[in-house]
Amino acid sequence: MDAQAVHLALAALVGASVVAVSAYYMHRKTLAQLLEFARTVERENDGGRSDAESPPAHSKKRRGASRRPSSGGYRRCSASLPDVTAISSGLDGDEKRNGPVHVEGIPAGLPRLHTVREGKAAQSGSFKRSLLRPTSPKSPVASASAFESVEGSDDEDNMADKAKLDTSYLHTNGTVGPVGKIPFETLPNHVNANGEQMSIAASSMIRSHSVSGDLHGVQPDPIAADILRKGPEQETFTRLNITPIEAPSPDEVEAYGVLQECLEMRKRYVFREAVAPWEKEVISDPSTPKPNSEPFLYIPEGKSDHYFEMQDGVIHVYPNRDTKEELFPVADATTFFTDLHHVLRVIAAGNIRTLCHHRLNLLEQKFNLHLMLNADREFLAQKSAPHRDFYNVRKVDTHVHHSACMNQKHLLRFIKSKLKKEPDEVVIFRDGTYLTLKEVFQSLDLTGYDLNVDLLDVHADKSTFHRFDKFNLKYNPCGQSRLREIFLKQDNLIQGRFLGELTKQVFSDLAASKYQMAEYRISIYGRKQSEWDQLASWIVNNDLYSENVVWLIQLPRLYNVYKEMGIVTSFQNMLDNIFIPLFEVTVNPDSHPQLHVFLKQVVGLDLVDDESKPERRPTKHMPTPDQWTNVFNPAFSYYVYYCYANLYSLNKLRESKGMTTIKFRPHSGEAGDIDHLAATFLTAHNIAHGINLKKSPVLQYLYYLAQIGLAMSPLSNNSLFLDYHRNPFPMFFLRGLNVSLSTDDPLQIHLTKEPLVEEYSIAASVWKLSSCDLCEIARNSVYQSGFSHALKSHWIGQEYYKRGPDGNDIQRTNVPHIRLEFRDTIWREEMQQVYLGKAIIPEEVDK
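Conventions adopted
- Residues numbered from 1 in each chain as written.
- Predicted model: local features only at pLDDT ≥ 70, side-chain atom pairs only at ≥ 80, totals over all residues.
- Heavy atoms only, no water.
- Helix = DSSP H or I, 4+ residues; strand = E, 2+ residues; numbered from the N terminus.
- Buried < 20%, exposed > 50% of the residue type's maximum accessible area, 1.4 Å probe, protein only.
- Contact = heavy atoms within 4.5 Å.
- Areas by Shrake-Rupley, 256 points an atom, 1.4 Å probe, with all protein chains shown as cover.
- Pairing = 2+ DSSP bridges.
- Salt bridge = Lys/Arg side-chain N within 4 Å of Asp/Glu carboxyl O.
- Core = buried A, V, L, I, M, F, W, Y, C linked by side-chain atoms within 4.5 Å.
- Phe/Tyr/Trp six-rings, centres within 6.5 Å; stacked < 30°, edge-to-face > 60°.
- Lys NZ or Arg CZ within 6 Å of the ring centre and 35° of its normal.
- Patch = residues over 30% accessible without salt bridge, like charges linked within 9 Å, V, L, I, M, F, W, Y side chains within 5 Å.
- Lys, Arg positive; Asp, Glu negative; His and termini not counted.
- Charge placed at Lys NZ, Arg CZ, Asp CG, Glu CD.
- Right-handed = clockwise from strand over helix to strand, strands pointing away.
- Expected span 1.5 Å × (residues − 1).

### What about the overall build of the protein?
Here is step 1 of the chain: Within the protein, the secondary structure is distributed over 31 helices and 15 strands.
Here is step 2 of the chain: The 847 residues of the protein split such that 48% are buried.
Here is step 3 of the chain: Sequence-distant contacts in the protein: of pairs separated by 6 or more residues, those separated by 24 or more amount to 73%.
Here is step 4 of the chain: For the protein, the accessible area works out to roughly 40,800 Å², and carbon and sulfur atoms hold 54% of it.

What follows is the structure, encoded as structure tokens:
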């Protein structure tokens, strides 16, 4: 080999060696720089922790476990970088003593190095995993998925905002946080003072039961088991503490004084039991009350010495015939109509209307703010209640008419069945002839095959809107009154046997649903006193009893019709026919034994008919009932007073003898004048409809303060007086009025086998009601109903009669304590506002 080739080879070898040595030193310097950078970060973190409180012992233990000794002391590893300390430990001592070498290629301002404890690197693909997702109804807890990233998502800002509101109390001056604390003290640990998200240790995240160690496995959201493993409810939530900026003005003080007078006036009129049901009967066994095996068993009771007589339309009760000292005095008609006109003047006063409108709007906005802050917590609280959901909480249909309690398909099947099985049954007497069921349909030129829902024509349509007369005609199947008499009447030739069988089928459907109850309204017309005995005989003979059903008596306001027909001579005749049998059976149960056992299931008295008819407003100098002999129908408030006054005396008498009482629960505010609602404000326990309250902010506010129950039927209103989207139900609910949903007339209105659930489902869809809203409405319906204390205790909690969350059992109602505490707190604040801080609020609801 020549010398030139040797020289070239040596030169190449030397050059390669120089390059290799240079690369080696550059690589060593780079690793040393990175190691120094990591140590600087660790020193900064340790310095920041030294100023804070010392961590719990178990935290120290876990942090200590994440470090391990090496030749140079403890080291910390990174999940996203190689173990640089392990590499540097292989260098000799001289190289270690050279100190850090600054490399100009690394720019200043790099983000901090995110480190995790050793051994955790395999559990996370990146540091993004440690960020928590914000909770929502669809994602109530943090996700543990290994592949999820919140980078670039809108949820990060929402999470920071929600975290800041976790334990804060809002005040009217706009500050957030408890009084006396600096704002940043209320921030969660994973949010710094600038509102930025900080990484959270993976161990602090909620874990599911099946957490896989596989790096590529997607871990499920810990939704079900983790929530149930917690306590029964999320007790911490954001409370609203809105304090008045200044004291009420003299004008407001005067207005509040007038409202106080109205509330106190109502207390003087409304009947309250002397001893509350929960004081009479203490429920110690929370299990299901045993059903009454013999509901119509009559036990003879002796006659009492009480004596009663009708005076000016009101029955007065005395201890005996010889004593003239009245036992249960009630306000006379002049006093009532004077007080009614006082209320009417109050609701017309401009300053009071403005004040009440302002307070109602404030109530609505408070509830909206409550939902913004606590809706997720309410949803989680419902999830934590085992077994319960909307479908298996008790719901009471607080307003349904018995003659229309079935749906149209049910009625059609029943008619076809009877036409097929009992065609030769004599069912009616018309034009001097007794007709069988087959002959009745032959006279109508109909066969069972011809019948269908459209031909039955009992469903309300566009033609019934603002036409109460046409709506009532829908009770006639196929437009024939004779079919109504045969199938939907209890006082007919067959003594109501068909209606009794149909009612039993409806009872069977209710029993199968288990969680739906009904209060059926059945009519007493006041044409003759024997109507009570006929009705009681029909109930007892057909064995119409169900644990899911109680009865209300409805009185149609049809005096003018009976007067024109010559059935009655004065309004006094109607009152005698309605109330005298009730006082007779109360004083001497042996006089009407069937009526006595039937009244044990009667819980209310109702007034029904078309409220939209024009009428004269009554004055305090109205003629007495025996003087009312003209053909004009008395005004609504005239009916209200005389029914209320007689029912008040009756209830006092029945209570004194240990019998059940009957609440006054009329239709009111469906249409017509606003004074209907003023009259029932003074006298009624609950009312049906009440949609006209939206026209009077003063009455609406008074109904809220008194928590008078409103059994509202939006679908029925949609067919008669008010389009569904204009119904005030959602507004009333937001403001905190005591509202429930009811069906009114399933035969004319509803299409499914479960009309009450249909009513709830449509309301939930149109008005976007949550599960918590629906369960609260269902709980209201049980409160408003007339079912016994034992059943209510079983359905909604043993201490249901207490106000606020103390009376709630989420295991039975599925209503979170959060919602009820908010409702109770806001109501108490309003009462204190009206009573200028001097309201005396009992811990129990009204009797």
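Read on, since the account is not over.
### Things to note about the sheet that holds strand β12 (residues 667-668)
Here is step 1 of the chain: What the 4 strands build is an open sheet, ordered β12-β13-β14-β15; its pairing is parallel. If you trace the sheet from one side to the other, it starts and ends with β12 and β15 (739-741), each paired once.
Here is step 2 of the chain: Bridge analysis of strand β14 (residues 709-712) against β15 gives 3 bridges, and the strand direction is parallel. The residue bridging L710 from the neighbouring strand is V739, located in β15.

### Some remarks on the pattern of salt bridges
Here is step 1 of the chain: Considering all chains together, one arrives at 26 salt bridges under this definition.
Here is step 2 of the chain: One salt bridge connects R497 with E425, and the closest N-O pair in it is separated by 3.5 Å. Of this pair, R497 sits in helix α16 (residues 497-513) while E425 sits in the loop between α11 (408-421) and β6 (426-430), and the two are 72 residues apart along the sequence.
Here is step 3 of the chain: On the basis of relative accessible area, R497 is assigned to the partly exposed category, the value being 24%.

### Points about the sheet that holds strand β10 (residues 602-608)
Here is step 1 of the chain: The parallel open sheet is built from 5 strands, whose spatial order is β5-β8-β9-β10-β11. Two strands bound the open sheet, and with one partner strand each, they are β5 (395-401) and β11 (663-664).
Here is step 2 of the chain: The sheet contact formed by β10 and β11 spans 2 bridges and is parallel. Across the sheet, the residue bridging to L605 is F664, located in β11.

### Remarks on the nonpolar core
Nonpolar side chains tend toward joint burial in soluble globular proteins.
Here is step 1 of the chain: Among the nonpolar cores identified, the biggest contains 170 residues, and F487, Y520, W551, I553, F681 and Y703 are the most heavily contacted of them.
Here is step 2 of the chain: Sequence-distant contacts of Y520, that is, excluding residues within four places in its chain, are made with V400, H402, C405, V506, F507, L510, V549, V550, W551 and L552.
Here is step 3 of the chain: V550, V603, I796 and Y800 belong to the second-largest nonpolar core, a separate cluster that totals 14 residues.

### Digging into the pairing of β6
Here is step 1 of the chain: For β6 and strand β7 (residues 433-436), the ladder comprises 4 bridges, and the chain directions are antiparallel. From the neighbouring strand, I428 faces β7, where its bridge partner is L435.
Here is step 2 of the chain: Taken together, β6 and the strand that follows it, β7, pair antiparallel across an intervening segment of 2 residues, in which D431 is found at a positive phi of about 55°.

### Concerning the packing of aromatic side chains
Here is step 1 of the chain: Within the structure shown, the criterion is met by 38 aromatic pairs.
Here is step 2 of the chain: Measuring from centroid to centroid gives 6.3 Å for W278 and Y800, while their planes differ by 85°, and the two rings are edge-to-face. Linking W278 in helix α8 (residues 277-280) with Y800 in the loop between α29 (789-796) and α30 (810-813), this pair joins segments that are 522 residues apart in sequence.
Here is step 3 of the chain: Exposure remark for W278: the relative accessible area of 8% places this residue in the buried category.
Here is step 4 of the chain: One Lys or Arg, R266, reaches over the ring of F681 and ends 5.9 Å from the middle of that ring.
Here is step 5 of the chain: Between the NZ or CZ atom of R557 and the centre of the ring of Y639, over which it lies, the distance is 5.9 Å.

### Description of a negative patch on the surface
Here is step 1 of the chain: Side chains of E246, D251, E252 and E254 sit close together on the surface and give a patch of like negative charge.
Here is step 2 of the chain: Assignment of secondary structure puts D251 in helix α7 (residues 250-269).
Here is step 3 of the chain: You can call D251 partly exposed: its relative accessible area is 41%.

### A closer look at the pairing of strand β9 (residues 549-556)
Here is step 1 of the chain: With 8 of 8 residues buried, β9 lies mostly within the body of the structure.
Here is step 2 of the chain: Alternating residues of β9 divide into V549, W551, I553 and L555 and V550, L552, Q554 and P556, and every residue in both groups is buried.
Here is step 3 of the chain: One ladder, built from 6 bridges, connects strand β8 (residues 516-523) with β9; its direction is parallel. Pairing of Y520 across the sheet is with W551, part of β9.
Here is step 4 of the chain: Handedness of the crossover joining β8 and β9 through helix α17 (residues 531-541): right-handed.
Here is step 5 of the chain: Sheet topology places β9 next to β10; 6 bridges connect them, and they run parallel. What sits directly across from W551, in β10, is V602.

### A closer look at helix α28 (residues 771-784)
Here is step 1 of the chain: Here α28 is 14 residues long and its end C-alpha atoms lie 20 Å apart, about the 20 Å a rise of 1.5 Å per residue gives.
Here is step 2 of the chain: The element α28 is largely enclosed, with a buried count of 12 among its 14 residues.
Here is step 3 of the chain: Within α28, the full set of buried residues consists of C772, D773, L774, C775, E776, I777, A778, R779, N780, S781, V782 and Q784.

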